[in-house]
2 protein chains.
Amino acid sequence: MDLTTIIGFIGGTLTTISFLPQVIKTWKTRSTHDFSFIMVFLLCTGIFIWIIYGFLIHSLPVILANMVSFILIFIILLFKLKYK
Amino acid sequence: MDLTTIIGFIGGTLTTISFLPQVIKTWKTRSTHDFSFIMVFLLCTGIFIWIIYGFLIHSLPVILANMVSFILIFIILLFKLKYK
């Protein structure tokens, strides 16, 4: 694996795992009041398109990072819809 | 511009503009209680590394989208530090 791909994976890992403490916090507090619904919705949609883009440019960091991010953001979206 | 780059720009535009309604909402409410500090911090750091990766793979959508995202997330980070 070359340095570029490693840097991509570091960026991808950081942005992806960043959503995990948020899922845990929201799971505990059941509070999503401060979140903008539009942000969570657009983020979900945008990340889905990033996954497609990752496949098109054959970038494994873009594909994997966005797949995991999508799952986590989708959980936050469900929280936002359930706990308003 | 080819289709791949257009798709990259659509994904980039969506994930980037998603943070704008959040900045506006947080600006109005001055409330960041529901946000995980670790999320906002890791997101900032990760997006910064994505910018570097974008330069390395010569992907304009990755560079531009993450640059704007970085600015917006950084504003949210400042809000989070100021209004706890």
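An account of the accompanying structure is given in this report. For every chain, the first residue of the written sequence is number 1, and numbering continues from 1 onward in sequence order. Chain A is the first chain written and ligand 1 is the first ligand written, with later ones labelled in order. The model is predicted, so local features are restricted to residues of pLDDT at least 70 and side-chain atom pairs to those at 80 or more, both for listing and for counting; the totals for chains, interfaces and linings are taken over all residues. The side-chain values count all of the structure's non-hydrogen atoms but skip hydrogen atoms and water molecules.

### A look at the packing of helix 2 (residues 37–56) of chain A against helix 3 (residues 60–82) of chain A
Helix-helix packing is described using two parameters, namely the angle between the two axes and the distance between the axes.
All names here are of chain A.
Moving on, step 1. Between N-to-C directions, angles span 0 to 180 degrees; the directions come from axes that are lines fitted to C-alpha atoms, helices contributing only their stretch in contact. Working definition: helices are DSSP H or I runs of at least four residues, strands are E runs of at least two. Numbering for both runs from the N terminus. At their nearest, the axes of helix 2 and helix 3 sit 9 Å apart, and the two run at 160° to each other. Here helix 2 lies roughly antiparallel to helix 3, going by the angle between them. Considering how the two elements wind past one another, helix 2 and helix 3 form a crossing that is left-handed. Residue-level inspection shows Phe-37, Val-40, Phe-41, Leu-43, Cys-44, Ile-47, Phe-48, Trp-50, Ile-51, Gly-54 and Phe-55 of helix 2 in contact with helix 3, the latter providing Val-62, Ile-63, Asn-66, Met-67, Ser-69, Phe-70, Ile-73, Phe-74, Ile-76, Leu-77, Lys-80 and Leu-81.
Moving on, step 2. Under the scheme applied, nonpolar residues are Ala, Val, Leu, Ile, Met, Phe, Trp, Tyr, Cys and Pro; charged residues are Asp, Glu, Lys and Arg; polar residues are all the others, including Gly. Residue composition of the contact of helix 2 with helix 3, by class: 19 nonpolar, three polar and one charged. Note that the term roughly parallel is reserved for angles under 35 degrees, roughly antiparallel for angles over 145, roughly perpendicular for angles of 65 to 115, and oblique for everything else. What makes a crossing left-handed is the near helix being turned counterclockwise from the far one by less than a right angle; a clockwise turn instead makes it right-handed. Should any heavy atoms of two residues lie within 4.5 Å, those residues are counted as being in contact.

### Description of the interface of chain B and chain A
Moving on, step 1. Taken together, the contact pairs 38 residues of chain B with 38 residues of chain A.
Moving on, step 2. The working definition used for a salt bridge is a side-chain nitrogen of Lys or Arg within 4 Å of a carboxyl oxygen of Asp or Glu. On inspection of chain B and its partner chain A, the count reaches zero salt bridges.
Moving on, step 3. We call two N or O atoms a polar contact when they sit within 3.5 Å, provided that within protein one can donate a hydrogen and the other can accept it, with sequence-adjacent residues counted only if both atoms are side-chain atoms. Counting across the chain B and chain A interface gives 16 residue pairs in polar contact (both at pLDDT 80 or more).
Moving on, step 4. Ranked by the residues each element gives to the side of chain B that touches chain A, the list is headed by helix 1 (residues 3–29) of chain B, at 15 residues.

### Let's talk about unusual backbone geometry
All names here are of chain A.
Moving on, step 1. Unusually for a residue other than glycine, Arg-30 sits at a positive phi of about 55°.
Moving on, step 2. Relative to the helices and strands, Arg-30 resides in the loop between helix 1 (3–29) and helix 2.
Moving on, step 3. Remark: exposure states derive from per-residue accessible area (1.4 Å probe, protein chains only) relative to the maximum for the residue type, with buried under 20%, exposed over 50%, and partly exposed in between. Using a relative accessible area of 36% as the deciding quantity, one classes Arg-30 as partly exposed.

### Observations regarding helix 3 of chain A
Moving on, step 1. A helix's residues, less one, multiplied by 1.5 Å, set its expected span. When the terminal C-alpha atoms of helix 3 of chain A are compared, their 33 Å separation across 23 residues agrees well with the 33 Å that a helix rising 1.5 Å per residue should span.
Moving on, step 2. For helix 3 of chain A, the set of buried residues is Pro-61, Val-62, Ile-63, Ala-65, Asn-66, Ser-69, Leu-72, Ile-73, Ile-76, Leu-77, Phe-79 and Lys-80 of chain A.
Moving on, step 3. Of the surrounding elements, those touching the buried residues of helix 3 of chain A are helix 1 and helix 2 of chain A together with helix 2 (37–56) of chain B.

### A look at the side chain of Thr-16 of chain B
Residues and elements named next belong to chain B.
Moving on, step 1. With respect to the secondary-structure elements, Thr-16 resides in helix 1.
Moving on, step 2. Of note is the side chain of Thr-16, whose polar atom sits 3.0 Å from the backbone oxygen of Ala-65.
Moving on, step 3. Beyond its immediate chain neighbours, meaning those up to four positions away, Thr-16 contacts Ala-65, Val-68, Ser-69 and Leu-72.

### Quick word on the relation of the copies chain B and chain A
Moving on, step 1. The two copies are related by a screw operation: chain B maps onto chain A through 180° of rotation and 0.0 Å of translation along the axis, at an RMSD of 0.0 Å. In short, the pair behaves as if placed about a two-fold rotation axis. Considering only C-alpha atoms, the part of chain B nearest the rotation axis is Asp-34 of chain B, at 2.8 Å.
Moving on, step 2. Here 100% of the contact residues of chain B are again contact residues in chain A; the copies associate through an equivalent surface. The copies were overlaid with a least-squares fit restricted to C-alpha atoms from residues scoring a pLDDT of at least 70 in each copy.

### With respect to the packing of aromatic side chains
Moving on, step 1. Stacked, tilted and edge-to-face pairs are distinguished by plane angle, under 30 degrees for stacked and over 60 for edge-to-face with tilted covering the rest, among Phe, Tyr and Trp rings (Trp via its six-membered ring) whose centres lie within 6.5 Å. Per the counting criterion, the structure on display carries 13 aromatic pairs over all chains.
Moving on, step 2. Measuring from centroid to centroid gives 4.5 Å for Phe-35 of chain A and Phe-35 of chain B, while their planes differ by 45°, and the two rings are tilted. Of the two residues, Phe-35 of chain A is situated in the loop between helix 1 and helix 2 and Phe-35 of chain B in the loop between helix 1 and helix 2; the pairing between them involves two chains.
Moving on, step 3. Considering the side-chain rings of Phe-37 of chain A and Phe-41 of chain A, the 6.0 Å spacing of their centres and the 20° angle between planes classify their relative orientation as stacked. Within this pair, Phe-37 of chain A and its partner Phe-41 of chain A are both found in helix 2, separated by four residues, close to a single helical turn.

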